[in-house]
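# What the coordinates show
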Amino acid sequence: MKRQQIAAGNWKMNKTYKEGRALATAIAKGMTSTDSLVILGTPAIHLNAVANIVKKVPNVEVAAQNCHQEKSGAYTGETSVEMIKSVGAKYVILGHSERREYFNEGHELLAAKVDTVLGKRLIPIFCCGEPLAIREAGTHVAHVKKQLEESLFHLKKKAFSKIVIAYEPIWAIGTGVTASPQQAQDMHKAIRQLLADKYGSDIAEGTSILYGGSVKPANAKEIFSQPDVDGGLVGGASLKPDDFLQIINSFS
Ligand code: 13P
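Reference entry: report on the structure contained in this document. Throughout this document, residue positions are counted from 1 along each chain, in the order its sequence is written. Given that the model is predicted, a residue must reach a pLDDT of at least 70 before its local features are reported, and side-chain atom pairs must reach 80 or more before they are shown or counted; all residues, however, enter totals for whole chains, interfaces and linings. The side-chain quantities take in all heavy atoms of the structure and omit both hydrogens and water.

### A word on the sheet that holds strand 8 (residues 231–234)
- Read once around its circumference, the closed barrel built from 8 strands follows the order 1-2-3-4-5-6-7-8, with strand pairing classed as parallel. Sheet twist, expressed as the average angle between the axes of neighbouring strands with direction ignored, equals 25°.
- Strands qualify as paired when DSSP identifies two bridges or more between them. By definition, any uninterrupted DSSP run of H or I lasting at least four residues is a helix, any uninterrupted run of E lasting at least two residues is a strand, and each is numbered from the N terminus. Relative to strand 8, strand 7 (residues 209–212) runs parallel, the two sharing 2 bridges. Bridge pairing links Gly212 to Leu233 in strand 8.
- The sheet contacts of helix 2 (residues 47–54) involve strand 2 (37–41) and strand 3 (60–64), and relative to strand 3 the element is tilted by about 170°.
- Whether two residues are in contact is decided by their heavy atoms, any of which lying within 4.5 Å being enough. Note on geometry: axes are C-alpha line fits, over the in-contact stretch for helices, and angles between N-to-C directions span 0 to 180 degrees. Where helix 5 (residues 107–119) meets the sheet, it contacts strand 4 (91–94) and strand 5 (123–128), and its direction lies at approximately 160° from that of strand 5.

Laid out in structure tokens, this is it:
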């Protein structure tokens, strides 16, 4: 089965409204036809504008970077999945290591968010990945396995088939240190095996697994060419239109 290849940008907490619109416009204008999917993960406040900018551009979608687990209610300052959907976003990034670390998002909360996102027929981009100490201890596969088990493996096969996974080793995020193509491949293969053990090989072979952590134009091609790497979740380089466009064009 041919898996969907995806170049996703995670803008994090960057860009004013005007700058965000300019970035989305530059990406939309610079896009050449591609079979791969491009996803722009913008701050919530920019979602509507960016969704409108890319509306007519084929293969470009918009993602929120977080959502609340409840459908609506007295949660001052929060953003619901329904709101996200209502402005044209189709994806929600969940479980990013920055949210796990700075906002104390744990397995159970993330499982609830996954359910809420799927319940509104949006697609979670579920992030997993280990800190440096775990990598050095050699227990990184077990660490990621637990993240998947605790927040995703309650899903039935049909629901799971919608999920996009992003493997983001924490030691590679924003550090300029990328996992080597082989390290990425080894972990992606291990993740795919976990999916096969749980859901069967058809689901495992159909699930897009993205790599995140210092993806740049200079390394994207080699990383994306690994057999189990289906694209990237890109932070810093997604803020520069020329860099992100080069990354979009890095699929062979
Ligand atoms: P960088 O590409 O800046 O390392 O960030 C990766 C990331 O966290 C994407 O979600």
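### A look at the layout of surface pockets
- Method remark: on a 1 Å grid restricted to protein atoms, a set of points is classed as a cavity if a 1.4 Å probe fits but cannot get out and as a pocket if it is open with protein on both sides within 12 Å along at least five of seven lines; lining residues have an atom within 4 Å of a point. Grid points are joined across faces, edges and corners, and a volume is the space filled by probe spheres set on the points. Size it by volume and the largest pocket reaches roughly 480 Å³.
- What lines the largest pocket is a set of 17 residues, among which Lys12, Gln65, Asn66, Arg99 and Phe103 lie closest to the centre.
- Among the elements that line the lining of the largest pocket, the one with the most residues is helix 4 (residues 97–102), at 3 residues.
- For the lining of the largest pocket, the class distribution of residues is 6 nonpolar, 7 polar and 4 charged. Residues are grouped as follows: Ala, Val, Leu, Ile, Met, Phe, Trp, Tyr, Cys and Pro are nonpolar; Asp, Glu, Lys and Arg are charged; every other residue, Gly included, is polar.

### Observations concerning the pairing of strand 2
- For every residue, the accessible area obtained with a 1.4 Å probe (protein chains only) is divided by the maximum for its type, and the residue is called buried under 20%, exposed over 50%, and partly exposed between those limits. Across the 5 residues of strand 2, 5 count as buried, placing the element largely inside the fold.
- Here strand 1 (residues 6–10) runs beside strand 2; their pairing, made up of 5 bridges, is parallel. Residue Ala8 lies in a different strand from strand 2, and its bridge partner there is Ile39.
- Handedness of a crossover is defined as follows: orient the strands so they point away from the viewer, and if the path from the first strand over the helix to the second runs clockwise, the crossover is right-handed. The handedness of the strand 1 to strand 2 crossover, carried by helix 1 (residues 17–30), is right-handed.
- Since strand 2 and strand 3 lie parallel, the crossover through helix 2 that links them has a hand, and here it is right-handed.

### Comments concerning the state of the cysteines
- Cysteine sulfur atoms that pair up within 2.5 Å are treated as a disulfide. Counted according to the given criterion, the structure contains 0 disulfides.
- Cys67 takes part in no disulfide bond, and the closest cysteine sulfur, belonging to Cys127, lies 12 Å away.
- For Cys67, a relative accessible area of 1% puts it in the buried group.
- You can see Cys128 has no disulfide; the closest cysteine sulfur is in Cys127, sitting 7.5 Å from it.

### Things to note about unusual backbone geometry
- In this model, Lys12 sits at a positive phi of 55°, which is unusual for a non-glycine residue.
- Position of Lys12 relative to the elements: it lies in the loop between strand 1 and helix 1.

### As for the nonpolar core
- Buried Ala, Val, Leu, Ile, Met, Phe, Trp, Tyr and Cys residues that are joined via side-chain atoms within 4.5 Å together make up what is termed a nonpolar core. Core analysis: the largest hydrophobic core is formed by 65 residues, its most contacted members being Leu40, Leu148, Leu152, Phe160, Ile165 and Ile191.
- At 6 residues, the largest contribution of residues to this core is made by helix 9 (residues 181–199).
- Residues in contact with Ile191, not counting those within four places in the same chain, are Cys128, Val144, Leu148, Ile165, Tyr167 and Ile209.
- Counting residues in hydrophobic clusters, the runner-up holds 13 residues, among them Leu37, Ala63, Ala166 and Leu233.

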